[in-house]
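Working through the structure, step by step
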Amino acid sequence: MSSNVRFTEFKSDKQPTWCPGCGDFGTMNGMMKALAETGNDPDNTFVVAGIGCSGKIGTYMHSYALHGVHGRALPVGTGVKIANPDLEVMVAGGDGDGYSIGAGHFVHAVRRNVDMTYVVMDNRIYGLTKGQFSPTSREDFETSTSPDGTNQQPVNPLALALASGGTFIAQSFSSDSQRHAEIVQEAIEHDGFGFVNVYSPCVTFNDVDTYDYFRDAIVDVGDDDFDHDRTDYDDAKDLILDRDKEYQGVIYQNESSVGYETREGVEEPMTEIPDGAPEDAMDLVREFY
């Protein structure tokens, strides 16, 4: 790791094709700033992404990266971190990628508590496929596939994380650049699975959950005049289940958390594979065949 890395070193030479004004620009910039502030550099960083607008992020960031299939970014990130604990692993996704087809992987990644960071760009709509409602869309949200509203309660990703045993649960707003970067930085520094759900407005297909809406609605739990203990499970639960407000900040953190790989004694990279079969492997094979 290096202490002299600038966040611009994480920018690749590929120009983003996101719509002008997309919240994902701010989300990505905050991720790069957080990586630089924590002493990481592109040579020790691995970014995994799935499908959707958010899935392009590995192309736009200068690091090791893998653009996987829909909803499967987290198991790939888990495998990378277990195989090489020395890498800083950051998984990026969207609300459709993470909370629909990838919801099962999300639950199990949270409970395993592998020491990596998961940043979800939540725009409450499917943007890449042209504006269908997503798992986090409002019940009355009208789209091309829900002209009368979705008639479904939106998924509460923070509640899902808390119920799955999450040890670091946070929320940020892509337009609040400094605060967003600070929150992602804390997620990286957390020993265990750091989860950040990011309000990342879609300026093309979502005219309800806009920048103006979030600026007016967000309540920052880190403000001096806001009484919140991030280490108090019940306090965090009350905030997470409050559907009337949009909260920003670290909602819950278990400060006694120990990452899966540390707990299981996975300390050395498994990238060096010795020649030949492991000792006594053939005897074991002959015993059963």
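Residues numbered from 1 in each chain as written. Predicted model: local features only at pLDDT ≥ 70, side-chain atom pairs only at ≥ 80, totals over all residues. Heavy atoms only, no water.

In this section: the overall build of the protein chain. Along the backbone of the protein chain there are 11 helices and 8 strands. Relative to a compact globule of 289 residues, whose C-alpha radius of gyration would be 19 Å, the protein chain shows 20 Å and is just as compact. Dimensions along the principal axes, computed over C-alpha positions, put the protein chain at roughly 65 × 45 × 40 Å. Per-residue burial over the protein chain gives 51% buried out of 289 residues. Partitioning the intrachain contacts of the protein chain with sequence separation of at least 6 by distance along the chain shows that 72% fall at a separation of at least 24. Counting only carbon and sulfur atoms, one obtains 48% of the accessible surface of the protein chain, whose full area is about 14100 Å². If the 20 positive side-chain charges of the protein chain are averaged to one point and the 49 negative ones to another, these points end up 5 Å apart. (Helix = DSSP H or I, 4+ residues; strand = E, 2+ residues; numbered from the N terminus. Rg over C-alpha atoms; globule rule 2.2 N^0.38 Å. Buried < 20%, exposed > 50% of the residue type's maximum accessible area, 1.4 Å probe, protein only. Contact = heavy atoms within 4.5 Å. Areas by Shrake-Rupley, 256 points an atom, 1.4 Å probe, with all protein chains shown as cover. Lys, Arg positive; Asp, Glu negative; His and termini not counted. Charge placed at Lys NZ, Arg CZ, Asp CG, Glu CD.)

A surface patch of nonpolar side chains, about 640 Å² in accessible area, is lined by M282, L284, V285, F288 and Y289. Considering the arrangement of structural elements, one finds L284 in helix α11 (residues 281-288). (Patch = residues over 30% accessible without salt bridge, like charges linked within 9 Å, V, L, I, M, F, W, Y side chains within 5 Å. Salt bridge = Lys/Arg side-chain N within 4 Å of Asp/Glu carboxyl O.)

Quick look at unusual backbone geometry now. Of note, N113 is a non-glycine position whose phi angle comes to about 65 degrees, a positive value. On the secondary structure map, N113 appears in the loop between α5 (103-112) and β4 (117-122). The class of N113 is buried, set by a relative accessible area of 5%. For N151, which is not glycine, the phi torsion reads 55 degrees and is therefore positive. Note that N151 resides in the loop between β4 and α6 (157-163). N151 sits in the exposed class, given a relative accessible area of 57%.

Take the pairing of β4 next. Counted residue by residue, β4 has 6 buried out of 6 residues, so it is predominantly covered. Both faces of β4 are covered, namely the face carrying T117, V119 and M121 and the face carrying Y118, V120 and D122. Pairing of strand β3 (residues 88-94) with β4, which is carried by 5 bridges, proceeds in the parallel orientation. Note on β4: the bridge partner recorded for A92 is V119. Sheet topology places β4 next to strand β6 (residues 194-199); 6 bridges connect them, and they run parallel. What sits directly across from Y118, in β6, is F195. (Pairing = 2+ DSSP bridges.)

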